[in-house]
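Here is what each chain is made of, one letter per residue.
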Amino acid sequence: MSVVRHSTCPLCEAMCGILVTTDTDRREVLGVRPDPDDPLSRGGICPKAFALPELHDDPDRLRTPVVRVGDRWEPRGWDDALDFAAQGLHDVQTKHGRDTVASYLGNPNVHNYGAVLFAPAFTRMLSKTRFSATSLDQLPHQFVAWQMFGHQLMLPIPDIDRTDLLLVVGANPVASGGSLMTAPDVRKRLKAIQGRGGRVEVVDPRRTETSRVADAHHFVRPGTDAAWLAAVLHTLFAHEEAGVGRLADHVVGLETLRAAVEPWTPERAAELCGIEASELRGLAGRLAAAETAVVYGRMGVSTHPFGAVCQWLVNAINLVTGNIDRPGGALFTTPAVDILRAPPSIGLAAGSISRRTTRVRSRPAVLGEYPAATMAEEMDTDGDDRVRGLVTVAGNPVLSAPNGRRIEAALGGLDFQVAIDPYINETTRQADVILPPVSPLERGQYDLVFHALSVRNTAKWNEPVLAFPEGGRHDWQILHSLETRLGALRSDGLAARAERWIRGRLGPETIVDLGLRLSGRKLSVAKLKQSPSGVDLGPLEPTLPKRLPNGRIDVAPELLVADLKRLDALEATADVVLISRRQDRDCNSWMHNLPTLMRGKDRCTLLVHSTDAARIGVATGDRAVLTSRVGEVSAPVEVTDDVMPGVVCLPHGWGHGREGTRMSVAAEHPGVSVNDLTDELRIDELTGNAAFAVPVRIAAAP
Ligand SMILES: Nc1nc2c(c(=O)[nH]1)N[C@H]1C(S)=C(S)[C@@H](COP(=O)(O)OP(=O)(O)OC[C@H]3O[C@@H](n4cnc5c(=O)[nH]c(N)nc54)[C@H](O)[C@@H]3O)O[C@H]1N2
Ligand SMILES: Nc1nc2c(c(=O)[nH]1)N[C@H]1C(S)=C(S)[C@@H](COP(=O)(O)OP(=O)(O)OC[C@H]3O[C@@H](n4cnc5c(=O)[nH]c(N)nc54)[C@H](O)[C@@H]3O)O[C@H]1N2
Ligand code: SF4
Ligand SMILES: [Mo]
């Protein structure tokens, strides 16, 4: 006998609906298949979902807290471990000051509604020294959303189900599942654009899996996109093709924008970018002529030396071609639980740049946090207020932040480290205590984040697939317990204690239920439970000007216009540049321990163009040595003309098998970490976001 439960794969942003078969006790998973009735994913799925049972059963996954005693890990009961963790953090703070304890929130938090609702309160009470994967990823998007549309969560979502022309810039949704654009089964959605007579083009230094589906691919030199994006705008203005249509009364700064891009002729941009002027004019012409069109710029132009400028120019192109807030262009979602309107204890402020700065490089906190690229120096540079304690929550900065080796070394010098994480990996291996949450199949989920970033408005409640394990803790319970303990150690005031107590008593399900009831859509958790595949709330609809927090769009924010000036100093170089890539069976750094995803030949290869391979004398299967300012790495070469000459490419999220880690399958396929080469000094100057592309020297391995 068996039971089938509806659920949603929590691994990437695509939110694919799945049907999970278990035994009647709901202790064991018997199978996973796509849910054809999910209104968003409509039966789409990728190989990672089939590995969820292995993730659940993984013998290396921690089920109880462990405390480090010398070189050994000792299992501990929850109360003991939580007391130990809170006391350790409190001791560092009492001795050295509150802000000498830092937090780092990693990516899986956003895929877990309990963590979304409870992690911010915990990290804010812990200290002002906050880091997260946001500044290794989408911070420029949020910064620009705040500057242009008035709130960091006002992110325009490409309406790929209705557009006539999609220009994908620095994104590879066919492999990544799509990002800041929840679009499950994206390959089918791209093909549908072509099926209705539309067109897909890609701008990327690598001919990607997405490029293979597209109608055209344009190679671009990494780090130079701001120039060609400005040139596209320049061309639109020059041909009097720029206008904002219906939104005219609500847009300010059009003349300033025109002046800012005036110097950026296609000829000037072409020299830097490697895209010919005629090609850029053609692109601008197609964007202007298409009935509807949308430029979608993601990771590659966010973790970029001009990350914010790129995101601004992408939005500006969409705006002046009349495609913001129009079906087939880019629209704002109206999610059932509106995170834009969340109360301050759980929500995000509109946006901010703080006067508070980091100690070593004087980088301001942007949108409430310091750049993860400054984490290492804040920990390893002497001084009274050096960071001496750290809590990582679902994060692996040793593999995911630039110059990971420096972070790894810095962790060794901490007085106390807590990890909320299911694995003993490259980051958590140095912790004093690890607090592991239950597996994703043991928790319920309402996706607060990705319903708000989706190409269609839907709502879906997931019941836990498996029974709750004895002695298990949810992430939110761990976070809340730590917060409560620290509050007690600090003798917090009554108001803080009461707010915390109420939040804990409500728990995430009730908080989401309240959000649904306030949505005005007559929804509740109980109601969603009756539609286990999810409910369809329809395509995205125009919402402006009503949804604009300030009632206006600034198409030329001062900070961005000023930052564009930095582009004047950009010079064409002959450096070999290293970029990274995603592969459909990876999920950042943490799914290489699942045998299903690790079959077949070594995937952690260095892509090298044939002319570069010939120059340095390597062939496929040989090893090459890469050297950057911060490190050296040797990797097996794969010669291919899918990268442009002068560009080499390693996948991100590898570099396993380090001493003291406990991920036995990953250790058999260690690969190398691209972030042993990336440089923490390379950032987007305006936001502090990491810029991952890095110049390297390359030579055949001796
Ligand atoms: N399979 C898989 N899926 C994932 C993940 C994963 O690790 N594996 N991670 C998830 C996460 S956390 C995220 S944020 C999303 C990210 O999803 P995407 O935004 O699609 O990210 P990538 O696949 O890294 O694609 C970035 C592209 O930018 C290109 N690029 C690099 N530098 C430049 C540049 O200077 N200019 C231009 N124009 N392009 C450039 C790269 O070649 C690459 O093709 O994916 C999510 N989904
Ligand atoms: N060079 C280069 N570097 C990159 C990127 C790139 O493209 N190139 N991509 C960047 C991007 S987009 C991102 S988002 C970051 C990701 O950076 P991170 O978020 O730091 O790294 P992840 O690999 O996602 O690590 C997730 C951690 O969470 C743990 N975990 C998994 N599930 C859960 C859970 O449910 N609860 C808890 N508590 N823990 C869990 C895992 O064991 C692992 O330790 O990396 C960035 N780094
Ligand atoms: S694309 Fe794959 S990893 Fe992402 S949600 Fe769907 S099944 Fe899960
Ligand atoms: Mo990410």
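Residues numbered from 1 in each chain as written. Chains lettered and ligands numbered in written order. Predicted model: local features only at pLDDT ≥ 70, side-chain atom pairs only at ≥ 80, totals over all residues. Heavy atoms only, no water.

## Quick look at the overall build of the protein chain
Looking only at helices and strands, the protein chain features 21 helices and 30 strands. On C-alpha atoms alone, the protein chain measures out to a radius of gyration of 24 Å, which is about the 27 Å that the 2.2 N^0.38 rule sets for 702 residues. Overall, the protein chain is about 70 × 65 × 55 Å in size when its C-alpha atoms are taken along their principal axes. Residue burial in the protein chain is summarised as follows: out of 702 residues, 62% are buried. For the protein chain, restricting intrachain contacts to residue pairs at least 6 apart in sequence, the fraction spanning at least 24 positions comes to 74%. (Helix = DSSP H or I, 4+ residues; strand = E, 2+ residues; numbered from the N terminus. Rg over C-alpha atoms; globule rule 2.2 N^0.38 Å. Buried < 20%, exposed > 50% of the residue type's maximum accessible area, 1.4 Å probe, protein only. Contact = heavy atoms within 4.5 Å.)

## Some details on the site of ligand 2
Close to ligand 2 lie 29 residues, the nearest being Y104, N107, S400, D421 and S589. Within the side chain of R582, an N or O atom sits 3.0 Å from an oxygen atom of ligand 2. Taking 920 Å² as the accessible area of ligand 2 by itself, protein coverage stands at 97%. (Near = heavy atom within 4 Å. Polar contact = N/O pair within 3.5 Å; in protein donor to acceptor, adjacent residues only side chain to side chain. Areas by Shrake-Rupley, 256 points an atom, 1.4 Å probe, with all protein chains shown as cover.)

## Considering the domain arrangement of the protein chain
As assigned here, the protein chain comprises domain 1 (2-57), domain 2 (66-137 + 339-535), domain 3 (159-326 + 543-566) and domain 4 (573-700). Each partner contributes residues to the interface: domain 1 has 27 residues there, and domain 2 has 26 residues. A buried area of about 2,200 Å², summed over both sides, lies between domain 1 and domain 2, and 61% of it is on carbon and sulfur atoms. At the boundary of domain 1 with domain 2, the tally comes to 1 salt bridge. Between D38 and K460 there is a salt bridge; the shortest N-O distance is 2.9 Å. At the surface where domain 1 touches domain 2, the tally comes to 14 residue pairs in polar contact (both at pLDDT 80 or more). Of all the secondary-structure elements, those providing two or more residues to the side of domain 1 that touches domain 2 are strand 1 (2-8), strand 2 (17-23) and helix 1 (52-57). (Domains from an automatic or database assignment. Buried area = accessible area lost by both parts, 1.4 Å probe. Salt bridge = Lys/Arg side-chain N within 4 Å of Asp/Glu carboxyl O.)

## Examining the packing of aromatic side chains
Under the definition given, this model contains 6 aromatic pairs. Measuring from ring centre to ring centre gives 5.7 Å for Y113 and W461, while their planes differ by 85 degrees; the resulting arrangement is edge-to-face. With Y113 in helix 3 (residues 113-126) and W461 in strand 22 (residues 461-462), this residue pair connects regions lying 348 residues apart in the sequence. In terms of burial, Y113 and W461 fall into one category: buried. Measuring from centroid to centroid gives 5.6 Å for F143 and W146, while their planes differ by 85 degrees, and the two rings are edge-to-face. (Phe/Tyr/Trp six-rings, centres within 6.5 Å; stacked < 30°, edge-to-face > 60°.)

## Considerations on helix 3
If you check helix 3, its first and last C-alpha atoms are 20 Å apart, about what 14 residues at 1.5 Å a residue would give, namely 20 Å. Taken as a whole, helix 3 carries its principal kink of about 30 degrees at A119; the proline P120 stands between one and four residues after it. Among the 14 residues that make up helix 3, 13 are buried, leaving the element largely enclosed by the rest of the structure. (Expected span 1.5 Å × (residues − 1). Bend = angle between axes of the 7 residues up to and from the residue.)

## Considerations on the sheet that holds strand 11 (residues 216-218)
Read across the sheet, 4 strands follow the order 11-10-9-13 without closing on themselves; strand pairing throughout is parallel. Edge positions in the sheet fall to strand 11 and strand 13 (293-297), since each has one partner strand and no second. Across the sheet, the mean angle separating the axes of adjacent strands is 15 degrees when strand polarity is ignored. Pairing analysis gives 5 bridges linking strand 9 (residues 165-169) to strand 13, with the strands arranged parallel. The residue bridging L166 from the neighbouring strand is V294, located in strand 13. (Pairing = 2+ DSSP bridges. Axes fitted to C-alpha atoms, helices over the stretch in contact; angles between N-to-C directions.)

## Describing the nonpolar core
With 142 residues, the main nonpolar core has W228, L435 and Y446 as its most contacted residues. Membership of the second largest hydrophobic core comes to 24 residues, among which are L578, C604, V672 and V674. (Core = buried A, V, L, I, M, F, W, Y, C linked by side-chain atoms within 4.5 Å.)

## With respect to the layout of surface pockets
The volume enclosed by the second largest pocket comes to roughly 490 Å³. Considering the residues around the second largest pocket, the lining is formed by 21 residues, among which P222, G223, P305, L570 and R682 are closest to the centre. Considering only residue class, the lining of the second largest pocket consists of 12 nonpolar, 3 polar and 6 charged. Two domains each provide a minimum of three residues to the lining of the second largest pocket, namely domain 3 (159-326 + 543-566) and domain 4 (573-700). (1 Å grid on protein atoms, 1.4 Å probe; cavity = no way out; pocket = protein on both sides within 12 Å on 5 of 7 lines; lining within 4 Å. Points joined across faces, edges and corners; volume = space filled by probe spheres on them. Nonpolar A, V, L, I, M, F, W, Y, C, P; charged D, E, K, R; others polar.)

## A word on the site of ligand 3
Surrounding ligand 3, one finds C9, L11, C12, A14, M15, C16, I45, C46, K48 and A49. Partitioning the shell around ligand 3 into residue classes produces 9 nonpolar, no polar and 1 charged.

## Quick word on the pattern of salt bridges
Side chains that differ in sign of charge can pair as their charged atoms come close. Applying the stated rule across the entire model yields 45 salt bridges. Residue R207 pairs with D642 through a salt bridge whose shortest N-O separation is 3.3 Å. Taken together, the residues R207 in the loop between strand 10 (199-203) and helix 7 (209-213) and D642 in the loop between strand 28 (632-639) and strand 29 (647-651) connect sequence positions 435 residues apart. Between R268 and D568 there is a salt bridge; the shortest N-O distance is 3.0 Å. Residue R268 is found in helix 10 (residues 266-273), and its partner D568 is found in the loop between helix 19 (558-564) and strand 25 (576-581); the two are separated by 300 residues along the sequence. Accessibility expressed as a relative area gives 30% for R268, which makes it partly exposed. Owing to a relative accessible area of 45%, D568 belongs among the partly exposed residues under this scheme. Among the charged side chains, a salt-bridge network with shared partners connects D380, R406, R629, D679 and E680.

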